[in-house]
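Read off the chains here:
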Amino acid sequence: MASKDQAILGYWDIRGFAEPSRLLLHYTKTPFTNKLYHFGDAPDFKREEWLKEKNSLGLDFPNLPYLIDGDLKLSQAKTILTHLGRKFKLMGNNERETSLIELLIDQSNDLRQELNNVCYRAINFDAVSKKFCDETLPIHLKLFEDFLKRQGKKWLIGDNLTAADFQVFEYLDHCWILSNDNWAEYPKILAYMKAFRELPELKKYLESEHAKRPINGKMAKFGGKAVQHEEKKKEEPAKTDESEKSATT
Ligand SMILES: N[C@@H](CCC(=O)N[C@@H](CS)C(=O)NCC(=O)O)C(=O)O
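Residues numbered from 1 in each chain as written. Predicted model: local features only at pLDDT ≥ 70, side-chain atom pairs only at ≥ 80, totals over all residues.

- An unreviewed UniProt entry lists the chain under the name glutathione transferase, from Adineta steineri.
- Looking at the chain in UniProt, the text filed under Function (unreviewed entry) is "Conjugation of reduced glutathione to a wide number of exogenous and endogenous hydrophobic electrophiles."
- In its Subunit (unreviewed entry) section, UniProt records this for the chain: "Homodimer." (UniProt positions renumbered as here; feature names shortened; annotations may be inferred.)

This is the structure:
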């Protein structure tokens, strides 16, 4: 039963940009209202469910995701994640760690934006996704692999999770789903992702609600349907052209 004091995290009914914060909230066992908005059906994928509330929530900069935490109302995915990080003492133990956490959040966001361009905006999906998997993704993966190697710790910043881990894990996982590769060249990343999946605080959530939620909106050419991680199977890209018109996420 939702308490009226608990925070509300609003977003589309997908993993997208909100899942890092959802993971953090689950990890910290924080009860929250996971307010989900649904796209309409093809071909228009209407956003009415969100648009009719968008300007009445008291958000200074109305957008999805948003977080209503008491009288604080935030949008912007990174702002929400770092707000929660500070609240739950997951933003590092000193200035240096905090700066590295922010760096990792921005770096993984760049990767997610590149993935978004493939999934939502590619005109020729097959060619663009192949180029992403063959050229762009390996550059990013090598950087994360080397970072993990240099750090030499279980998590990105030492032996305890920080806010960065929720986003880096999540966005690497989005790429894993698209890449359909075994990532054998990146043993540190593989070990890191395996350890994350086995966190007792998250295991159940990762195997249930999280696994059932698609990474992208249903207008996307890829990731609009939930894909089981274990299957490592490439989802068929959507065949319609409507996706280009409605690419919003
Ligand atoms: N820079 C923003 C981008 C937010 C954004 O693009 N939100 C998309 C979903 S991922 C949306 O549908 N927003 C609702 C709107 O534009 O009204 C963030 O990082 O949160």
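Brief notes about helix 3 (residues 77–87)
Thinking step 1. Listed in full, the buried residues belonging to helix 3 are Ala77, Ile80, Leu81, Thr82, Leu84 and Gly85.
Thinking step 2. Turning to helix 3, the residues buried within the fold contact helix 1 (19–27), strand 3 (66–69), strand 4 (72–75), helix 4 (95–121) and helix 6 (163–179).
Thinking step 3. Of the residues flanking the end of helix 3, it is Lys89, one or two places downstream, whose phi is positive at about 55 degrees. (Buried ≥ 20, exposed ≤ 12 C-beta atoms within 10 Å, placed from the backbone. Helix = DSSP H or I, 4+ residues; strand = E, 2+ residues; numbered from the N terminus. Contact = placed C-beta atoms within 7 Å.)

Observations regarding the packing of helix 1 against helix 3
Thinking step 1. Across the interface, helix 1 lies against helix 3 with an axial gap of 9 Å and an inter-helix angle of 15 degrees. Between helix 1 and helix 3, the crossing angle belongs to the class labelled roughly parallel. Here the hand of the crossing between helix 1 and helix 3 comes out left-handed. For the pair helix 1 and helix 3, contact is made by Pro20, Ser21, Leu24 and Leu25 and by Ile80, Leu81 and Leu84, respectively.
Thinking step 2. Looking at the contact of helix 1 with helix 3 residue by residue, the classes come out as six nonpolar, one polar and no charged. (Axes fitted to C-alpha atoms, helices over the stretch in contact; angles between N-to-C directions. Parallel < 35°, antiparallel > 145°, perpendicular 65-115°, else oblique. Left-handed = near helix turned anticlockwise from the far one by under 90°. Nonpolar A, V, L, I, M, F, W, Y, C, P; charged D, E, K, R; others polar.)

Some details on the UniProt feature "domain: GST C-terminal" (unreviewed entry) in the chain
Thinking step 1. In the numbering used here, UniProt assigns the "domain: GST C-terminal" (unreviewed entry) feature to residues 94–215.
Thinking step 2. The annotated region residues 94–215 carries 75% helix and 0% strand content, and the separation between its end C-alpha atoms amounts to 33 Å.

Quick notes on the domain arrangement of the chain
Thinking step 1. Here the domain parsing of the chain yields domain 1 (7–87) and domain 2 (95–245).
Thinking step 2. Listed as interface residues are 21 residues of domain 1 and, on the opposing side, 21 residues of domain 2.
Thinking step 3. Elements supplying a minimum of two residues to the side of domain 1 that touches domain 2: helix 1 and helix 3.
Thinking step 4. At six residues, helix 1 tops the list of elements feeding residues into the side of domain 1 that touches domain 2.
Thinking step 5. Classifying every residue of the side of domain 1 that touches domain 2 gives 12 nonpolar, four polar and five charged. (Domains from an automatic or database assignment.)

Here we look at the sheet that holds strand 1 (residues 7–12)
Thinking step 1. Strand order in the open sheet formed by four strands is 2-1-3-4, with mixed pairing between adjacent strands. A strand with exactly one partner marks an edge of an open sheet, and here the two such strands are strand 2 (32–37) and strand 4. Along the sheet, successive strands turn relative to each other by an average axial angle of 15 degrees, direction set aside.
Thinking step 2. Bridge count between strand 1 and strand 3: three bridges; the pairing is antiparallel. By the bridge assignment for strand 3, Leu9 is matched with Leu67. (Pairing = 2+ DSSP bridges.)

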